[in-house]
Amino acid sequence: MKHGTIIFPALLTVMLCGAVHAGQAPLDLQTASGTDQFVQIREELGSEKYAEISSDDRRTVLGLLDRMEASVQRTGGVDSMPEQQKVDLFNNQEKVNAILTQAAEDSRMVCRREQTTGSHRKTTVCLTAGERRRIRESTQDQLRTMPRQHVDRGGF
């Protein structure tokens, strides 16, 4: 029993680490040069890869990148940073990765064959995942706020 309680946390840690590496985080300052990554992310923010990122999130990411880049340049690299500065750097990295991962997921193009109302022909409709989510949420809100009409069935 005690053996199983030791293995489970270790197994969980291995699974979580594998999930992070499988998803390939947009920014990883532990394995690659930060300067190249900062430039690449700034370029990609204007591309379709992050088309669904909000202006607030874009500003947040750019601000965090500026702060992180200044910190790396000041100290000459991640390895030569004091411990607290490394903690701050990697916390900011996690914020950037969370925002960019969600924006990339929302920007993913999804195409479906749909039948147009009043027609037997199907057409291909391509929308981003974010657009599909907004349409679904808007439709649900409209249905919730729509006044319910009471149908009087009379004497039938």
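Here's what I pulled together on the structure shown here. (Residues numbered from 1 in each chain as written. Predicted model: local features only at pLDDT ≥ 70, side-chain atom pairs only at ≥ 80, totals over all residues. Heavy atoms only, no water.)

**Regarding the overall build of the protein chain**
For the protein chain, the helix and strand inventory stands at five helices and two strands. Its helices and strands taken in sequence order, the protein chain reads α-α-α-α-β-β-α from the N to the C terminus. Across the 156 residues of the protein chain, 24% fall into the buried class. Within the protein chain, residue pairs in contact and separated by at least 24 positions form 47% of the contacts whose partners lie at least 6 positions apart. (Helix = DSSP H or I, 4+ residues; strand = E, 2+ residues; numbered from the N terminus. Buried < 20%, exposed > 50% of the residue type's maximum accessible area, 1.4 Å probe, protein only. Contact = heavy atoms within 4.5 Å.)

**Observations concerning the pattern of salt bridges**
Applying the stated criterion across every chain, the model contains 10 salt bridges. Where Arg133 meets Glu137, a salt bridge forms, and the shortest distance between an N and an O atom there is 3.7 Å. Placement of both Arg133 and Glu137 in helix 5 (residues 129–145) is noted, with a separation of four residues, approximately one turn of the helix. Sharing partners across several salt bridges, the network here consists of Arg42, Asp66 and Glu69. (Salt bridge = Lys/Arg side-chain N within 4 Å of Asp/Glu carboxyl O.)

**Brief notes about the nonpolar core**
Leu27, Leu29, Ile53, Val61, Met68, Val96 and Leu100 are the most contacted members of the largest nonpolar core, which totals 20 residues. If you list the elements that add at least two residues to this core, you get helix 2 (34–44), helix 3 (55–75) and helix 4 (83–107). Those residues within four positions of Val96 in sequence are excluded, and the remaining contacts are Leu27, Val61, Leu64, Leu65 and Met68. (Core = buried A, V, L, I, M, F, W, Y, C linked by side-chain atoms within 4.5 Å.)

**Observations concerning the environment of Asp88**
Mapped onto the elements of the fold, Asp88 is located in helix 4. Judged by relative accessible area, which is 39%, Asp88 ranks as partly exposed. Taking the C-alpha atoms as reference points, Asp88 and Ser71, 17 residues apart in sequence, are found 9.7 Å from one another.

**A few points about helix 4**
In an α-helix, one turn spans 3.6 residues; hence positions three or four apart end up facing the same way. Given a rise of 1.5 Å per residue, 25 residues ought to cover 36 Å, and the 36 Å separating the end C-alpha atoms of helix 4 matches this to within 8%. Inspection of helix 4 places Leu89, Phe90, Asn92, Gln93, Val96, Asn97, Ile99, Leu100, Ala103, Asp106 and Ser107 among the buried residues, and these make up the whole buried set. (Expected span 1.5 Å × (residues − 1).)

**Description of the environment of Ala51**
For Ala51, the location among the structural elements is in the loop between helix 2 and helix 3. Using a relative accessible area of 47% as the deciding quantity, one classes Ala51 as partly exposed. Between the alpha carbons of Ala51 and Ala103 there is a distance of 7.4 Å; along the sequence they are 52 residues apart.

**Quick look at the packing of helix 3 against helix 4**
When two helices pack together, their arrangement is given by the angle between the helix axes and the distance between those axes. Orientation of helix 3 relative to helix 4, taken along the N-to-C sense of each, is 150°, at an axis distance of 10 Å. Viewed along their axes, helix 3 and helix 4 adopt a mutual orientation that is roughly antiparallel. Read as a crossing pair, helix 3 and helix 4 show a hand that is left-handed. Contact with helix 3, carried on its side by Asp57, Thr60, Val61, Leu64, Leu65, Arg67, Met68, Ser71, Val72, Arg74 and Thr75, involves Gln85, Leu89, Asn92, Gln93, Lys95, Val96, Ile99 and Leu100 of helix 4 and no other residues of that element. Residues that form the contact of helix 3 with helix 4 fall into these classes: nine nonpolar, six polar and four charged. (Axes fitted to C-alpha atoms, helices over the stretch in contact; angles between N-to-C directions. Parallel < 35°, antiparallel > 145°, perpendicular 65-115°, else oblique. Left-handed = near helix turned anticlockwise from the far one by under 90°. Nonpolar A, V, L, I, M, F, W, Y, C, P; charged D, E, K, R; others polar.)

**Concerning the side chain of Asp106**
Relative to the assigned elements, Asp106 resides in helix 4. Side-chain polar atoms of Asp106 contact the side chain of Arg133, separated by 3.1 Å. Among all residues touching Asp106, those that are not within four sequence positions of it are Glu52, Thr128, Ala129, Gly130 and Arg133. (Polar contact = N/O pair within 3.5 Å; in protein donor to acceptor, adjacent residues only side chain to side chain.)

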